[in-house]
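Per-entry structural report
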Amino acid sequence: MIARLLILIARGWQIGPSAILPPSCRFQPSCSAYAITALTRYRALRGSWLALKRIGRCHPWGGQGPDPVP
């Protein structure tokens, strides 16, 4: 139930602000797609932890390139 709500929030980001802002993703897939996959695969607790760790790595000194959900 909670995972579905978090997925809806990520999808809202994809069709809302993310569609308007210029592309700036450093990783493939994007953080929102990563979060949706993690939440679908691991449910709310672990999926949201993985998504938060990924978002935390998204900064100028972080990595880039392919970063699939484990």
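This is a predicted model, so every value here is computed, not measured.

Check the secondary structure of the chain and you find three helices and two strands. Its helices and strands taken in sequence order, the chain reads α-α-β-α-β from the N to the C terminus. Scaling as 2.2 N^0.38, a compact globule of 70 residues should have a C-alpha radius of gyration of about 11 Å, and the chain matches this with 12 Å. By the burial criterion, 24% of the 70 residues in the chain qualify as buried. Partitioning the contacts of the chain with sequence separation of at least 6, the portion at a separation of at least 24 is 67%.

On to the side chain of Ser 32. Considering the arrangement of structural elements, one finds Ser 32 in helix H3 (residues 31-56). A distance of 3.2 Å separates polar atoms of two side chains, one belonging to Ser 32 and the other to Gln 14. Discounting chain neighbours no more than four positions away, the residues touching Ser 32 are Ala 10, Trp 13 and Gln 14.

Attention now moves to unusual backbone geometry. Here Gln 28 and Pro 29 are connected by a cis peptide whose omega angle stands at -5°. Among the structural elements, Pro 29 can be located in the loop between strand E1 (27-28) and H3. The residue Arg 43 is not glycine, and still its phi comes out positive at about 70°. For Arg 43, the location among the structural elements is in helix H3.

In total, this model carries zero aromatic pairs according to the counting rule given. Over the ring of Tyr 42 we find Arg 46; its NZ or CZ atom is 4.3 Å from the centre of that ring. Across from the ring centre of Phe 27, 5.8 Å away, lies the NZ or CZ of Arg 57, which sits over that ring.

This part is about the pattern of salt bridges. Inspection of the entire model under this criterion finds two salt bridges. A salt bridge links Asp 67 to Arg 54; the nearest nitrogen and oxygen atoms lie 3.6 Å apart. Here the residue Asp 67 occupies a position in the segment after strand E2 (65-66), and Arg 54 occupies one in helix H3, the gap between them amounting to 13 residues. Residue classification places Asp 67 among the buried residues on the basis of a relative accessible area of 16%. Linking Arg 57 and Asp 67 is a salt bridge whose minimum nitrogen-to-oxygen distance equals 2.4 Å.

Right, let's get into the environment of Leu 45. Mapped onto the elements, Leu 45 comes out in helix H3. Taking the relative accessible area as the measure of exposure, Leu 45 reaches 74% and is therefore exposed. Counting along the chain gives 43 residues from Leu 45 to Ile 2, while the straight-line C-alpha distance between them is 8.9 Å.

Cut-offs applied
Residues numbered from 1 in each chain as written. Predicted model: local features only at pLDDT ≥ 70, side-chain atom pairs only at ≥ 80, totals over all residues. Heavy atoms only, no water. Helix = DSSP H or I, 4+ residues; strand = E, 2+ residues; numbered from the N terminus. Rg over C-alpha atoms; globule rule 2.2 N^0.38 Å. Buried < 20%, exposed > 50% of the residue type's maximum accessible area, 1.4 Å probe, protein only. Contact = heavy atoms within 4.5 Å. Polar contact = N/O pair within 3.5 Å; in protein donor to acceptor, adjacent residues only side chain to side chain. Phe/Tyr/Trp six-rings, centres within 6.5 Å; stacked < 30°, edge-to-face > 60°. Lys NZ or Arg CZ within 6 Å of the ring centre and 35° of its normal. Salt bridge = Lys/Arg side-chain N within 4 Å of Asp/Glu carboxyl O.

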